[in-house]
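Chain residues, written in single-letter form:
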Amino acid sequence: MAFLPKAGGLGRLAAGLGIAVLLLCGMAEAQGVLPLESVTARRGSDYAAALEGSAVRVLGTVSSRPVSFASFSHLAIQDETGHGLFLEGQPAQFARLQPGDRVEVSGTVSRRAGLPVLLPANIRLVSRGAAPAPLPVSIAALRSFERLGMLVTVVGHVADKGENRDGEYLLIGDPNVPLKVFLPSAKPRSGFSGLARFGIGDKVRATGVAAQNCPFPPFNRSFEVIVTEDDGLLLLGKPWLVSPGLFAAVVAGLVFTLGLWWRRGRRLTAQRDMVRAFYGLGEEMTGASSPADVLRRLTCVLPNVLRVSGVHLYLYNRAAKTLDRVPYGPDGQPFSQPAYPPEGSLPLGAAACFRNQALLIIPETQRSPFFPDDRRGEQPGSLMFVPMFAETELVGVLEIFDSKPLHEFTPDERIQTQHLANQIALALRLIEEKSVREQLSRSEKLAAIGQLISGVAAELRSPLESISQLTESVMTGDASTAWNDLGTIAEEAHKASEIVSRLVSLVQPERTEAKRVELNSLLRSLIQFRTLEWEARGFEVQDELCPTPVYVLGSQGQLERVFLDLLIQAEQSLAEASEKRLTIGSSVLARRALVEIRYGVNPLKGVRESEPSRESVAGVAGEGVSRGIVRSHGGEMRLVRVGEGECKLELELPVAPALLAGEAAGARPFTCLVVEPDAAFREELVWLLTNRGCRVIPCKGAEEGNELAQRLRFDVVFCATQLPGLNWVEFSDLIRPQTSAFVLLSEGYDFELSRGLLSAETFVLTKPFAEPDLDQLLTVVESRISTSETAATRGLTIVRPDKKAISL
């Protein structure tokens, strides 16, 4: 032998004995039982069976039924150490064996497509027992040599399916590195549906023997599971239409989108509510009566809308050049600060906003150079100062404060607050203009009274001189002429008393019940009153009054005042005119009484100098008062240019209804005030009430109605629920002491109103209403008024001419 060392005869003998010992040991080992792990061991880079071609004897337990292929069958056995081995032979060799049998097998190790197999020469049944349970493993654990020949169970999702000449198969697990689950079909079994019931994506559990099918080296690939039982493949679940991960992502995205949409909806709703609140507050500003009223309305709304602690209002005092805070509430303290601080000093608080004419926000007052501003009481934590512009004029500053620091005002809140501040400035200007108008009206009234007093003094001079002379005559004359002189004195005194009464009626307008007034008689008395003055000034007077009586409903004293104002205006124009003719006429047209006063004017000055405008009817002081009286009587005044040197004043009043003029029995004349902004409904209600014998004075708003109530006594007030400026509740509180009944014109049935929100003197009339409803309402009102008047007269004492007292 070439590998033996060269030696003498003794050496060669020793070597031969060693070789013989080795061969004997090898034969002895071959005749022993080897573990399955040794039989399936691999070698070399091709991973072939290490004992391929060797005769071995193994001991193991049958784990599954034989698997039949075209020309051979495989039977898997495994031992207690967790290793297995395939026996390859003919089906007849394995026919009597069942899973659980303990067998001893002798044979030669071989290889089938890379899989180590044992070709059995002898199979001896050692014992029978229960079939071993399948070992649950993962797909990754089956991609190794460790579990070959073992009965295993694995779960996965079907990635693909197919078939070959030996049977069908499923690919489960990762589509890139799948595991084959093979189902042999050399001998199809009845009732076995194969793999037709499985689809891509199904979740399955495969129970079979771990094997390998790799025909070409290296033999470390193509691992598979061979299913040997009918129930070896179980369907655990069908695939989702959408993968769980994608479904979860879609649901999360949908929830996130809905959250954003819900948050956006809340933000838009809050923004709409804020805009609606600001617009409503801006509309209310026009109806405010004073700066304190403006601040009261702001305090009721703004803190809730902006989530702040309160509001302050600073108005610019032009005389003192300071910003004066409007006091409000029981704790309101006067506070002022200079609008323009001394040179070199920093403006503080509202003064900085006023001086820069820009919105100023102080998020934290403790760290701001513009604060504190020497105010008393608790100091705010954060502030926002907003300038108030009335067009281009800076009126003052609106302060919004919060007790907590770092309050953030959003851009929308800043814009809305600036818009509201400008509306407040316009409302303050309207309040100021209204105050100026009232002062001018009082001044005009005083000027008119002064002019009337001068004329009345001239009128009083003549009767007073006559009284004085006649008194001296009585004192020095005889008794026969004294009685005649006393009668003349009484007449002159009565004339003087009438003159003084007219003067008093102008100074103190009466508030009496409306009565029927005959216009022609009233005008003739005024003509007679001014005749002496007109004759002295050379005026030519033409009387064109209607021959038949013309009756209107109203106050005789107030109408007398209006006509006297118009006559004085005509006198002033005639004083400068070349033709001094004054024409006074009356007529009736379409149930309207028309009074015309025509007079001459200076053609060089024209109408514009004597009368400011076509709407300013009375050129003398007090024309606003006269116009208000005429309107309170339901009439109109206008100025018409007739020719080059002549003008005409026209005054229209509604004629008294026929029911009242005829003195119908049982009918009570009501003086009604209709406060309704809807012109069509207002005219219809006026027509219905007029036809029922009522004197009706219409107006559009609560402020105008309140002014009318200061001049006339109204029996019934009809008021709409929607009013510009003051609402109907505030208007009702103002006018209720001055009227007997208050009728609310509601847009529809209101349960709260009908349950008693209104008092006993208040009634509800639902629009639209029928005439019987109005008649029923007037009947109830008349009954209530009569009952109240009867109750008011109890406890009074009437003294008759016979001086006998009657108690009621």
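Going by the structure above, here's the rest.
Right, let's walk through the structure included here. (Residues numbered from 1 in each chain as written. Predicted model: local features only at pLDDT ≥ 70, side-chain atom pairs only at ≥ 80, totals over all residues. Heavy atoms only, no water.)

Before going further, it helps to spend a moment on the sheet that holds strand E26 (residues 581–589). Taken in spatial order, the five strands line up as E24-E26-E27-E29-E28 in an open sheet, and their pairing is mixed. Both edges of this open sheet fall to strand E24 (540–544) and strand E28 (636–641), since each of them pairs with a single strand only. Each adjacent strand pair in this sheet contributes to an overall mean axis angle of 15 degrees, direction not counted. Pairing of E28 with strand E29 (residues 646–654), which is carried by six bridges, proceeds in the antiparallel orientation. Paired with Leu 639 across the strands is Leu 649, a residue of E29. Here helix H8 (residues 519–537) sits on the sheet in contact with E24, E26, strand E27 (592–600) and E29, set at roughly 180 degrees to E26. Here helix H9 (residues 556–576) sits on the sheet in contact with E26, E27, E28 and E29, set at roughly 25 degrees to E27. (Pairing = 2+ DSSP bridges. Helix = DSSP H or I, 4+ residues; strand = E, 2+ residues; numbered from the N terminus. Axes fitted to C-alpha atoms, helices over the stretch in contact; angles between N-to-C directions. Contact = heavy atoms within 4.5 Å.)

Once that is clear, we can look at the nonpolar core. In terms of nonpolar packing, the biggest core is built from 38 residues, with Leu 519, Phe 563, Leu 582, Ile 597, Tyr 599 and Leu 651 touching the most fellow members. Elements with a minimum of two residues in this core: H8, H9, E26, E27, helix H11 (623–632), E28 and E29. Residue contributions to this core peak at nine residues, all from H9. Grouped together as the second largest cluster of nonpolar side chains are 30 residues, Leu 281, Leu 295, Met 384 and Ile 424 included. (Core = buried A, V, L, I, M, F, W, Y, C linked by side-chain atoms within 4.5 Å. Buried < 20%, exposed > 50% of the residue type's maximum accessible area, 1.4 Å probe, protein only.)

Turning our attention to helix H13 (residues 679–691). Residues spaced three or four apart along an α-helix point in a common direction, a consequence of the helix completing one turn every 3.6 residues. Given a rise of 1.5 Å per residue, 13 residues ought to cover 18 Å, and the 18 Å separating the end C-alpha atoms of H13 matches this to within 8%. Among the residues making up H13, those that are buried are Phe 681, Arg 682, Leu 685, Val 686, Leu 688 and Leu 689. Around the axis of H13, the buried residues are gathered within 165 degrees of arc, so they sit on the same side. Opposite its buried face, H13 presents the exposed residues Ala 680, Glu 683 and Trp 687, each directed more than 90 degrees away. Directly after H13, the chain includes Gly 693, whose backbone phi takes a positive value near 85 degrees. (Expected span 1.5 Å × (residues − 1). Arc of directions from axis to C-beta.)

Another point: the environment of Val 158. Mapped onto the fold, Val 158 is located in strand E11 (residues 151–164). Here the alpha-carbon distance between Val 158 and Ile 172, two residues 14 residues apart in the chain, equals 4.4 Å. Excluding its chain neighbours within four sequence positions, the residues that come into contact with Val 158 are Leu 170, Leu 171, Ile 172, Gly 199, Ile 200, Gly 201, Asp 202 and Val 204.

Next up on the list: the side chain of Thr 40. Looking at the secondary structure, you find Thr 40 in the loop between helix H2 (36–39) and strand E2 (42–43). Here the side chain of Thr 40 touches Leu 36 through a polar contact of 3.1 Å, landing on its backbone oxygen. Look past the residues within four positions of Thr 40 in its chain and what remains in contact with it is Gly 84, Leu 85 and Pro 116. (Polar contact = N/O pair within 3.5 Å; in protein donor to acceptor, adjacent residues only side chain to side chain.)

Turning our attention to the packing of H8 against H9. What describes two packed helices is the angle between their axes and the distance between those same axes. Where H8 contacts H9, the axes come no closer than 10 Å and their chain directions differ by 30 degrees. The two elements H8 and H9 cross, and the hand of that crossing is right-handed. Where H8 abuts H9, its residues Leu 519, Leu 522, Leu 523, Leu 526, Phe 529, Arg 530, Trp 534 and Arg 537 lie against Gln 556, Leu 559, Glu 560, Phe 563, Leu 564, Leu 567, Glu 571 and Ala 575. When the residues that make up the contact of H8 with H9 are grouped by side-chain class, the tally is eleven nonpolar, one polar and four charged. (Left-handed = near helix turned anticlockwise from the far one by under 90°. Nonpolar A, V, L, I, M, F, W, Y, C, P; charged D, E, K, R; others polar.)

For Ala 113, which is not a glycine, the phi torsion comes out positive at approximately 55 degrees. For Leu 406, which is not glycine, the phi torsion reads 60 degrees and is therefore positive. If you trace the backbone, Leu 406 turns up in the loop between strand E22 (393–402) and helix H6 (411–476).

Put simply, helix H14 (residues 702–709) and helix H15 (residues 728–735) touch, their axes get as near as 10 Å, and they point 5 degrees apart. Overall, the two elements H14 and H15 adopt an arrangement that is roughly parallel. Here Ala 702, Gly 705, Asn 706 and Ala 709 of H14 come into contact with H15, specifically with Phe 731, Leu 734 and Ile 735. Within the contact of H14 with H15, the residues separate by chemical class into five nonpolar, two polar and no charged. (Parallel < 35°, antiparallel > 145°, perpendicular 65-115°, else oblique.)

Another aspect to go through is the packing of aromatic side chains. Evaluated as defined, the whole model comprises seven aromatic pairs. Three or more aromatic residues joined by ring pairs form one cluster here, namely Tyr 316, Tyr 340 and Phe 354. Across from the ring centre of Trp 261, 5.3 Å away, lies the NZ or CZ of Arg 264, which sits over that ring. A cation over a ring is seen here: Arg 516 above Tyr 551, with NZ or CZ 4.1 Å from the ring centre. (Phe/Tyr/Trp six-rings, centres within 6.5 Å; stacked < 30°, edge-to-face > 60°. Lys NZ or Arg CZ within 6 Å of the ring centre and 35° of its normal.)

Time to look at a nonpolar patch on the surface. There is a patch of nonpolar side chains on the surface, built from Trp 240, Leu 241, Val 242, Leu 246, Phe 247, Val 250, Val 251 and Val 255 and spanning about 850 Å² of accessible area. Residue placement: Trp 240 occurs in the loop between strand E16 (233–237) and helix H3 (244–285). (Patch = residues over 30% accessible without salt bridge, like charges linked within 9 Å, V, L, I, M, F, W, Y side chains within 5 Å. Areas by Shrake-Rupley, 256 points an atom, 1.4 Å probe, with all protein chains shown as cover. Salt bridge = Lys/Arg side-chain N within 4 Å of Asp/Glu carboxyl O.)

Bringing the pattern of salt bridges into the picture now. Counted according to the given criterion, the structure contains 33 salt bridges. Taking the shortest distance from any N to any O, the salt bridge between Arg 276 and Asp 273 comes out at 3.0 Å. Here the residue Arg 276 and the residue Asp 273 both occupy positions in helix H3, the gap between them amounting to three residues, near one helical turn. Residue Glu 533 pairs with Arg 537 through a salt bridge whose shortest N-O separation is 4.0 Å. Taken as a pair, Glu 533 and Arg 537 lie in helix H8 at a separation of four residues, close to a single helical turn. In this structure Glu 533 comes out as partly exposed when scored by relative accessible area, which is 21%. What you see here is one network of salt bridges that share partners, running through Arg 592, Glu 596, Glu 636, Arg 638, Lys 648, Glu 650 and Glu 652.

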